[in-house]
Amino acid sequence: MRKKLIAANWKMYKTPDQTREFFREFLPLVSAHNRDEVVVCPPDIDLAAAVEATKSSNTAIGGQNVHWKPEGAFTGEISAAMLLALGVTHVIVGHSERRQYFCETDDTVNQRLKAALEAGLTPICCVGEVLEEREAGLTDDVLRRQCVRAFHAVSAKKAAKLVVAYEPVWAIGTGKTATPELAAEAHAVIRREAAEIFGEDFAANLRILYGGSVKPENASALMAQEEIDGALVGGASLDAKSFAAIVKY
Ligand code: PEP
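Residues numbered from 1 in each chain as written. Predicted model: local features only at pLDDT ≥ 70, side-chain atom pairs only at ≥ 80, totals over all residues. Heavy atoms only, no water.

Asks: Where do I start with the overall build of the protein chain in this structure?
Replies: The helix and strand tally for the protein chain stands at 11 helices and 8 strands. Its C-alpha radius of gyration of 17 Å places the protein chain within 12% of the 18 Å reference for a compact globule of 249 residues. On the principal axes, the C-alpha backbone points of the protein chain span a range of 45 × 45 × 35 Å. Each of the 249 residues in the protein chain was classed as buried or not, and the buried ones make up 53%. Looking at the protein chain alone, contacts between residues at least 24 apart form 74% of all its contacts between residues at least 6 apart. When the accessible surface of the protein chain is split by element, carbon and sulfur atoms take 54% of a total near 11300 Å². (Helix = DSSP H or I, 4+ residues; strand = E, 2+ residues; numbered from the N terminus. Rg over C-alpha atoms; globule rule 2.2 N^0.38 Å. Buried < 20%, exposed > 50% of the residue type's maximum accessible area, 1.4 Å probe, protein only. Contact = heavy atoms within 4.5 Å. Areas by Shrake-Rupley, 256 points an atom, 1.4 Å probe, with all protein chains shown as cover.)

What follows is the structure, given as structure tokens:
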């Protein structure tokens, strides 16, 4: 049985004060909830406040990106050691907004993923097709290519903590959600590819989250799919009540 993981991606929203305010409201709403794992990934500026606010709670904190070098002249970046020093346990890599707006490539995703795994962070590695690729019937090829390149030179042993998020780009922030069946088909493609790369046992235990306009109203139908091991939630995670409702789908 794979334990589901419900993760929030706050993108570039909230100050440290707003972060503290969110957890004051959110944590009591989910305090009795231990069915699934819960992770919130705020902007770097909020990480210290988030870690402090969630101490001795059932909610973990993640970064939204990580650089592959331990330190250096890389303006605007953050290293795995820096995240760990704050008490951060998870990190998103390869989000489509990084790929779309910040020239993130399959190769840099691979380097970030390796750095996260090496440091003992749990990486949430995002893959997903754009609308043109889906319409051209290229979804499976794109997902396979992104997985092959992201997981390049990573052993199954090293990848033990890996989590994948299937995020069809056309569903992110658009209000268009993939149907549960369509998401499950894509997850099956990713799981097959993971089996090719890491072996059947690894793939059977790999958690694959769905992301793309998940809301309280559609969360339970998505989570009912055996292939879907949780959610990566953007917009609907900014409001404590809404994210708590998703956590408790
Ligand atoms: C995301 O940012 O990963 C995401 C899925 O966003 P949204 O839920 O707003 O579509």
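Alright, that's what it looks like, and here's the rest.
Asks: Explain the side chain of D46 here, please?
Replies: Secondary-structure assignment places D46 in the loop between strand 2 (37–41) and helix 2 (47–54). For D46, which is buried and forms no salt bridge, the nearest opposite charge comes from R20, at a distance of 7.6 Å. A distance of 3.5 Å separates a polar atom in the side chain of D46 from a polar atom in the side chain of T19. Among residues more than four places away in sequence, those in contact with D46 are Y13, K14, T15, P16 and T19. (Lys, Arg positive; Asp, Glu negative; His and termini not counted. Salt bridge = Lys/Arg side-chain N within 4 Å of Asp/Glu carboxyl O. Polar contact = N/O pair within 3.5 Å; in protein donor to acceptor, adjacent residues only side chain to side chain.)

Asks: Would you explain the packing of helix 5 (residues 106–119) against helix 7 (residues 139–150) in this entry?
Replies: For any two helices packed against each other, one specifies the inter-axial angle together with the distance between the axes. Closest axis-to-axis distance for the helix 5/helix 7 pair is 8 Å, and the angle between their directions is 45°. By the angle between their directions, the pair helix 5 and helix 7 is classed as oblique. At the point where helix 5 passes helix 7, the crossing takes the right-handed sense. On the side of helix 5, the interface is formed by D106, V109, N110 and L113, while helix 7 contributes R145, Q146, R149 and A150. For the contact of helix 5 with helix 7, the per-class residue count stands at 3 nonpolar, 2 polar and 3 charged. (Axes fitted to C-alpha atoms, helices over the stretch in contact; angles between N-to-C directions. Parallel < 35°, antiparallel > 145°, perpendicular 65-115°, else oblique. Left-handed = near helix turned anticlockwise from the far one by under 90°. Nonpolar A, V, L, I, M, F, W, Y, C, P; charged D, E, K, R; others polar.)

Asks: Is there a simple way to explain the environment of S242 in this structure?
Replies: Inspection of the secondary structure puts S242 in helix 11 (residues 240–247). Those residues in contact with S242 that sit more than four places away from it in its chain are P216 and A236.

Asks: Explain the layout of surface pockets here, please?
Replies: Reported here for the largest pocket is a volume of approximately 500 Å³. Lining the second largest pocket we find 18 residues, and of these G173, S213, V233, G234 and G235 sit closest to its centre. Of the residues contributing to the lining of the second largest pocket, the split by class is 5 nonpolar, 10 polar and 3 charged. (1 Å grid on protein atoms, 1.4 Å probe; cavity = no way out; pocket = protein on both sides within 12 Å on 5 of 7 lines; lining within 4 Å. Points joined across faces, edges and corners; volume = space filled by probe spheres on them.)

Asks: Would you mind going over the packing of helix 7 against helix 8 (residues 180–198) with me for this structure?
Replies: Between helix 7 and helix 8, the shortest axis-to-axis distance is 9 Å and the interhelical angle comes to 40°. Judged by the angle between their axes, helix 7 and helix 8 are oblique. Between helix 7 and helix 8 lies a crossing whose hand is right-handed. From helix 7, D140, L143, R144, C147 and V148 reach across to helix 8, where they touch A186, V189, I190, E193 and I197. When the residues that make up the contact of helix 7 with helix 8 are grouped by side-chain class, the tally is 7 nonpolar, no polar and 3 charged.

Asks: What's the story with the site of the ligand in this structure? I'm lost.
Replies: Of all residues adjacent to the ligand, which total 14 residues, the nearest are K11, E167, G173, S213 and G234. Take K11: an N or O atom from its side chain is 2.7 Å from an oxygen atom of the ligand. H95 has a polar side-chain atom sitting 2.9 Å from an oxygen atom of the ligand. Protein chains shield 96% of the accessible area of the ligand, which is 290 Å² for the free molecule. Most atoms of the ligand, that is more than half of them, are within 2 Å of grid points of the second largest pocket. Here the residues of the shell around the ligand sort into 4 nonpolar, 8 polar and 2 charged. (Near = heavy atom within 4 Å. Sits in = over half its atoms within 2 Å of the grid points.)

Asks: I'm lost on unusual backbone geometry in this one. Help?
Replies: Most peptide bonds take the trans form, and the phi angle of most residues other than glycine is negative. Positive phi, normally seen in glycine, also occurs at K14, with a value near 85°. Located in the positive-phi region is A153, a residue other than glycine, with phi close to 60°. Inspection of the secondary structure puts A153 in the loop between helix 7 and strand 6 (163–166).

Asks: So what exactly am I meant to see when it comes to the environment of P180 here?
Replies: Take P180: it is sitting in helix 8. A C-alpha to C-alpha distance of 14 Å links P180 and P216, two positions 36 residues apart in sequence.

Asks: How should the pattern of salt bridges be read in this particular structure?
Replies: Two side chains bearing opposite charge may form a pair once their charged atoms approach each other closely. Across all of its chains, the model carries 19 salt bridges by this definition. In this structure, R145 engages D106 in a salt bridge whose closest nitrogen and oxygen atoms are separated by 3.1 Å. Linking R145 in helix 7 with D106 in helix 5, this pair joins segments that are 39 residues apart in sequence. Classification of R145 by relative accessible area gives partly exposed; the value is 33%. Linked through salt bridges whose partners overlap, the residues forming this network are R2, R191, E227 and D229.

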